[in-house]
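One-letter residues, chain by chain:
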Amino acid sequence: MNQATDLKHSPGPVEEGNPSDDFRAFRRSLGQFATGVTVIATSAGDEMVGMAANSFSTVSLDPPLVLWSIRKESKSVPAFLNNGHFSINVLGEDQMDLSALFGRPQPDQFGQAKWRAGNHGDPLFEGAIAHFECVQEAVVDGGDHHILIGRVERYARFEGAPLLFAQGQYGVPVAHPDATPAPDPQPANDSRESEESLFLSLLKAADNHMSALFQEQRQQVGVTVASGRILNRLSEGPCAPDVLELETFLGESAVDDALMELSGKGQAERLADGNWALTDEGRDVRAALRRSAEHFTHEQLRGIPTQDLATAERVLGTLLRRAGGGQ
């Protein structure tokens, strides 16, 4: 079968059109491109400003130039344009909380994170997998954004895997199964370090694999990953958009798009106090999604000994309690 025949029978686009007609759909298409996540910060004396951004990109090695962009309507624009320098912190896979902290302005952001001052006083965050200390080289008009080009004066790289962002949600890097051999379930090196590394790799791979398999069930119910998470959270009670971002591990634009989607279908509504809540139809859809998830889980776990499942549940429960600060 030739390439033309393959293309003829391939699935058509889920969305398409002129970006000016539907900026949300355009943004969802842009979200198909996976990026890393950074926190970019600048300082002037004791005044500091920081924001999470995934628009970071390299420009040149010689001279060493990088760029990122900021919305012209952002309140942080004057600080970044006037200070003339900034730091770029590339976040590691365990720094979703730091990304959320700087995802929108809030009080005492820098008091809630560990950092040290760089050469120009700009914050360099602990746990980041790369630091870049930059002076402003140029500012370019980019439509509704300013594009800031920085000349890197110092850099630092640390061990660790990057935090990723795509399709409106965070992710972690997992080796493609066709690119690398599958991990040996009984590695020759039985050191504790290799066992822990193997366990985490298997956990990440299993999560990605199960989520991909469940996609068909989501489509049958008529929800996406993002709207499904919003439905689940709102089933617990009304919630503000910024809380939804934190508790569903979705970005601001993904939460906004999902709420608009659910609202358009009559499944969610905005209350007078600004919180969002499920409608009766939304509760019905959430119940259908729950039933589908229970059936899917039963089918996937069929044949696994009950004792093994109980052990796995205890291990995962312990990890979640530790992540939440429990014992």
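Throughout what follows, the structure given in this document is the object of discussion. (Residues numbered from 1 in each chain as written. Predicted model: local features only at pLDDT ≥ 70, side-chain atom pairs only at ≥ 80, totals over all residues. Heavy atoms only, no water.)

### Re the overall build of the protein
Okay, so step 1: The helix and strand inventory of the protein stands at 10 helices and 14 strands.
Okay, so step 2: Here the protein holds 327 residues, and the buried ones make up 31% of them.
Okay, so step 3: Look at the contacts in the protein between residues 6 or more apart in sequence, and 61% of them connect residues 24 or more apart.
Okay, so step 4: Summing over all exposed atoms, the protein offers an accessible surface of approximately 20,500 Å²; the carbon and sulfur share of this is 52%. (Helix = DSSP H or I, 4+ residues; strand = E, 2+ residues; numbered from the N terminus. Buried < 20%, exposed > 50% of the residue type's maximum accessible area, 1.4 Å probe, protein only. Contact = heavy atoms within 4.5 Å. Areas by Shrake-Rupley, 256 points an atom, 1.4 Å probe, with all protein chains shown as cover.)

### Points about the packing of helix 6 (residues 225-234) against helix 7 (residues 241-248)
Okay, so step 1: It is at 10 Å that the axes of helix 6 and helix 7 come closest, and there the two elements cross at 110°. With respect to helix 7, the element helix 6 is oriented roughly perpendicular. Contacts between helix 6 and helix 7 involve Arg229, Ile230, Arg233 and Leu234 from the first element and Leu244, Glu247 and Thr248 from the second.
Okay, so step 2: Considered class by class, the residues forming the contact of helix 6 with helix 7 number three nonpolar, one polar and three charged. (Axes fitted to C-alpha atoms, helices over the stretch in contact; angles between N-to-C directions. Parallel < 35°, antiparallel > 145°, perpendicular 65-115°, else oblique. Nonpolar A, V, L, I, M, F, W, Y, C, P; charged D, E, K, R; others polar.)

### What about the packing of aromatic side chains?
Okay, so step 1: If you walk through the whole model with that rule in mind, you get eight aromatic pairs.
Okay, so step 2: Centre to centre, the rings of Phe110 and Trp115 are 6.1 Å apart; their planes meet at 75°, and the pair counts as edge-to-face.
Okay, so step 3: Of the residues examined, Phe110 reaches a relative accessible area of 11% and is grouped as buried.
Okay, so step 4: With relative accessibility at 31%, the residue Trp115 sits in the partly exposed group.
Okay, so step 5: Here Phe165 and Tyr170 contribute two aromatic rings whose centre-to-centre distance is 5.4 Å and whose plane-to-plane angle is 70°, an arrangement assigned as edge-to-face. (Phe/Tyr/Trp six-rings, centres within 6.5 Å; stacked < 30°, edge-to-face > 60°.)

### Considering the sheet that holds strand 1 (residues 35-36)
Okay, so step 1: Taken in spatial order, the three strands make up an open sheet running 1-11-12, and their pairing is antiparallel. The strands lining the two open edges of the sheet, one partner per strand, are strand 1 and strand 12 (169-171).
Okay, so step 2: Relative to strand 11 (residues 164-166), strand 1 runs antiparallel, the two sharing two bridges. Note on strand 11: the bridge partner recorded for Thr35 is Phe165. (Pairing = 2+ DSSP bridges.)

### Section: the sheet that holds strand 5 (residues 65-71)
Okay, so step 1: If you walk across this open sheet you meet the seven strands as 3-2-6-9-10-5-4, and the pairing is antiparallel. The open sheet has two edge strands with one neighbour each: strand 3 (47-53) and strand 4 (57-60). Sheet twist, expressed as the average angle between the axes of neighbouring strands with direction ignored, equals 35°.

### Focus: the environment of Val285
Okay, so step 1: Considering the arrangement of structural elements, one finds Val285 in helix 9 (residues 280-301).
Okay, so step 2: Residue classification places Val285 among the buried residues on the basis of a relative accessible area of 13%.
Okay, so step 3: Sequence spacing of Val285 and Gln267 is 18 residues, and the spatial spacing of their C-alpha atoms is 7.8 Å.
Okay, so step 4: Setting aside residues up to four positions removed in sequence, Val285 forms contacts with Val221, Val223, Leu231 and Gln267.

### Points about the pattern of salt bridges
Okay, so step 1: Tallied over the entire structure, the rule returns 16 salt bridges.
Okay, so step 2: Glu261 is the partner of Lys265 in a salt bridge, and the nearest nitrogen-oxygen pair spans 3.3 Å.
Okay, so step 3: Owing to a relative accessible area of 37%, Lys265 belongs among the partly exposed residues under this scheme. (Salt bridge = Lys/Arg side-chain N within 4 Å of Asp/Glu carboxyl O.)

### Quick notes on the pairing of strand 3
Okay, so step 1: Looking at chain direction, strand 2 (residues 38-44) and strand 3 are connected through seven bridges and run antiparallel. If you follow Val39 over to strand 3, its bridge partner there is Ala52.
Okay, so step 2: If you look at the hairpin formed by strand 2 and strand 3, you'll find two residues sitting between the two strands, and Gly45 has a positive phi there, around 65°.

### Overview of helix 7
Quick reminder: α-helices carry 3.6 residues per turn. Residues three or four places apart thus point the same way.
Okay, so step 1: All buried positions along helix 7 are accounted for by Leu244, Glu245 and Thr248. Down the axis of helix 7, the buried side of the element spans an arc of 105°, and every buried residue falls inside it.
Okay, so step 2: Structurally, helix 7 contributes buried residues whose contacts are with helix 6 and helix 8 (252-264).
Okay, so step 3: Looking one or two residues beyond helix 7, the residue adopting positive phi is Phe249, at roughly 55°. (Arc of directions from axis to C-beta.)

That is the geometry; function is a separate question.
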